[in-house]
Structure formats: structure tokens, C-alpha cells
Amino acid sequence: MLNCKYIILSFFFQSTIEMCFSQQAQVNTIQPPVHFRMQKVSTETYESVGVFDVDGDGQQDLVSGGFWYKGPEYIKRFPTRDVKRTGEYFDDFFTIPLDVNGDGRMDYISGGWFGGTIYWYENTGKYDENWPEHIIAQIGNLETARAWDVDGDGIVEIVPNNLEKTFRFYRLDLDAKGKGKGSFAEHKLFDTQGHGLGFGDVNNDGRSDFVLADGWLEAPKKPLAEPWKWHPEFHFDKASIPILVVDLNKDGHNDLIVGNGHGYGLYWYEQGQGGKWIKHDIDPNNAQFHTMAWADITGDNIPELLTGKRFRAHNDHDPGAYDDYGLYYYQWNGEAFSKQVINYGALGFAKGTGNFFTVTDLNADGRPDWIVAGKDGLCIFYNEGVNKF
């Protein structure tokens, strides 16, 4: 593990306007660049990181791969598990915090492609030992998983992207007091899925739907008991996880933001009439936008698109694998995106994404920070706001 001094990154890159603006249109003001301070936490090559209070001391900790890192310094690390390794990959493709057994201590859920299994790891409070491992489901190769509240009860469900397998999610079994019982129920929704997964209200009926690579599933009034309606309206090639559901142009119809996880391109798809989707460029000339987030990091109450290139996603077998890489955010002005570069360059100078990152206010200063793992190590990017020189 590396414990480097903080590196002050001066992000002086000017916004690059991706599309022409109409002078007559009312648009949002583009904020000055956000400045980040980078802390290198570890050189471990896990591709996922979650954030939660592991030991109950009121401080946010990091959990990545086989270790957790104690906050707020993130210098000391403790074991969580022995992670299976296959070639350059660790079977650590997502890290989802959840109190699974209702004991008041936060556990976490993980798994990976090669093991084909979703596990939950039990936080026993014995922090010098590995955490007990429990199987949720053995489902075959899974690209990653995400946590969304499908049934609206305030507790997230676990939704795997399980390529060419049944599309399903896992709901935590609850006791009479609404606490986890340590087990999960499987809910199957559709017979297959491809590379890509999103969740949001596509048709503005007040219920969140699922977006897959080849269409979307319309949520019924009773999502656990009634069938979901399939709309095969598009096809996305190796789409990002997540696909974001956002009404960008404020026309009352939610649009989709989609990256190519194993090739070139980042786009948004405008929802038109009659199941038509209109493709718009965001950043077509960069590659491997495997994961992303939609969060307000500038403090103007308008979310930004946070993403970057997944470093060595397929170990140099993807289009653009040898291109320079980095982390970026994109500001939406009401009509178009402008790109801000957090870092960019060759190996040893830049930082890319892994499979699963976390955006949260790590140091309680009111600004969301970006915690990113990957085959190029684990880093924290502390958000220091705008106009800081």
C-alpha cells in the first residue's frame, strides 16, 4: 500500500463545448472548474470501492477488495476477505453496503465475473480477521451489480448485470421490525439481458423502470407481484453500468446517458415520440466509459456527469486500449455538455476508473468527493470547490 502525500492538482483545462448553443435559448451557467486534491490510498488493483462506517466511530471508511481503510486518514488497513484472482482480475466487481442481518453493523455485498457468485460479507466487529462469507446466489458470469430501491420500501435491492442470463434482482428478507434477516429472495423479470443496466422512470408514470441493452422494462403498480412490460426500442453496444435516466432537455420525457464500456463513445439519447430515441454526441472520441454517476459536484444544484476510462478493462483487448486515459466530468447547460478534465495522460500520470466507484462527501465539508479504484490503484479525489488557486 502506498501512503503518498497529498498531491495538489491544478485543473486549468478550459471547458470544451461539445455542441453549438442557440443564442435565443435559455441555458444554465457553466460553473468554473472544480479543483480536486488527490490522495493515493493503495496500489492494490481491485476495481471496486464502497464507502461506509465500518467500525461505528462516526467516520466514513473505504472498503475495496480484500481490505477496509480506516477513516479519516485512510492509512491503516484491515482485512475483509481473500479475493479470488484470475489473471489480472480480482473477483471484486462491486461493493454495496447493506446491513444484511439487522445487527446494526454495516455489511457489504460483492462478487465478480469469474466466480459467478453474489456474496455478502458479515461485519462481526472483529476487525483483525476476515469477515464471514455468505452466498446470496450463484448465477454465472456477472459484469457487476448495482443497488436500487425497486419496490419503494426504502431498502435497496441487489441488481446484477448477468450477461446473456435471466434478468433478476434480489430483495433482502425482512423481519417484523423491518430489519434484515440475512437472506434474500430472487425476483425474475425477463428471460435475458446484455451489457448495460439502468434504473429510472422512463415513461414518467411515477414508477422506476429498468433499462437494459436492448430495451426497457416498464414497472407495474406492484413490482414484486405483477409482470413488467418489455419495450424493445433500442440497442446499445456494450453499454455502461449504469445507464443514466435523466430529463436533460426538460421536455417532460426522460432521456438516457449511455457510455460504451468496451469501445469508443459517450452519448445521450433523447426520448422522442412513439418509442423513438435520438442519439447525441457527448464525447465520441474517448473509450471505455464503463461506469458513471450523476451528481452535483459544483454546488449549483445541477448534477454533473462523472465518468472516465476504465483502465485496462479487457487487458488491452478493447478498441482504444492504448489511448491515454483519465477522469472527467461534464456540465450540462440545458442544451449541451462541456467537458472538464480532472486528470489525463499515460500510465503513471493519470487515473482511470474501475468497475464501481463511489461519489460521496467523505470529509463532511458539504462537497461530494470521488473515490475511485481500478487496476491503477485506489485514490480519493477531494472536492475543494471552484475558484481556488
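The structure we're discussing is the one just above.
Scope of this entry: the structure provided in the associated data block. (Residues numbered from 1 in each chain as written. Predicted model: local features only at pLDDT ≥ 70, side-chain atom pairs only at ≥ 80, totals over all residues. Heavy atoms only, no water.)

**What about the side chain of Glu218?**
Item 1. Examined against the element boundaries, Glu218 turns out to sit in strand β20 (residues 215–218).
Item 2. A distance of 2.7 Å separates polar atoms of two side chains, one belonging to Glu218 and the other to His231. (Helix = DSSP H or I, 4+ residues; strand = E, 2+ residues; numbered from the N terminus. Polar contact = N/O pair within 3.5 Å; in protein donor to acceptor, adjacent residues only side chain to side chain.)

**Structural notes on the pairing of strand β19 (residues 209–212)**
Across a regular strand the side chains alternate sides, sitting on one face of the sheet and then on the other.
Item 1. Taking every second residue as pointing to the same face, both faces of β19 are buried, with Asp209 and Val211 on one and Phe210 and Leu212 on the other.
Item 2. Relative to β19, strand β18 (residues 197–200) runs antiparallel, the two sharing 4 bridges. Within β19, the residue paired with Phe199 across the bridge is Phe210.
Item 3. In the sheet, β19 pairs with β20 via 3 bridges, with the strands oriented antiparallel. Residue pairing across strands places Val211 opposite Trp216, the latter belonging to β20.
Item 4. If you look at the hairpin formed by β19 and β20, you'll find 2 residues sitting between the two strands. (Buried < 20%, exposed > 50% of the residue type's maximum accessible area, 1.4 Å probe, protein only. Pairing = 2+ DSSP bridges.)

**What to know about the environment of Ala147**
Item 1. With respect to the helices and strands, the residue Ala147 is situated in strand β14 (residues 144–148).
Item 2. Residue classification places Ala147 among the partly exposed positions, given a relative accessible area of 27%.
Item 3. Residues Ala147 and Pro160 lie 13 residues apart in sequence; the distance between their C-alpha atoms is 8.7 Å.
Item 4. Not counting residues up to four positions away in its chain, the partners in contact with Ala147 are Ile96, Val156 and Glu157. (Contact = heavy atoms within 4.5 Å.)

**Structural notes on the nonpolar core**
Item 1. Within the largest apolar cluster, 19 residues are counted, with the highest numbers of intra-cluster contacts made by Phe94, Ile109, Ile118, Ile136, Tyr170 and Phe184.
Item 2. If we skip the residues at most four places from it in the chain, Ile118 touches Phe94, Ile109, Ser110, His134, Ile135, Ile136, Ala137, Ile139, Leu142, Pro160 and Tyr170.
Item 3. In this structure, Leu62, Phe67, Tyr74 and Tyr382 belong to the second largest nonpolar core, which totals 16 residues. (Core = buried A, V, L, I, M, F, W, Y, C linked by side-chain atoms within 4.5 Å.)

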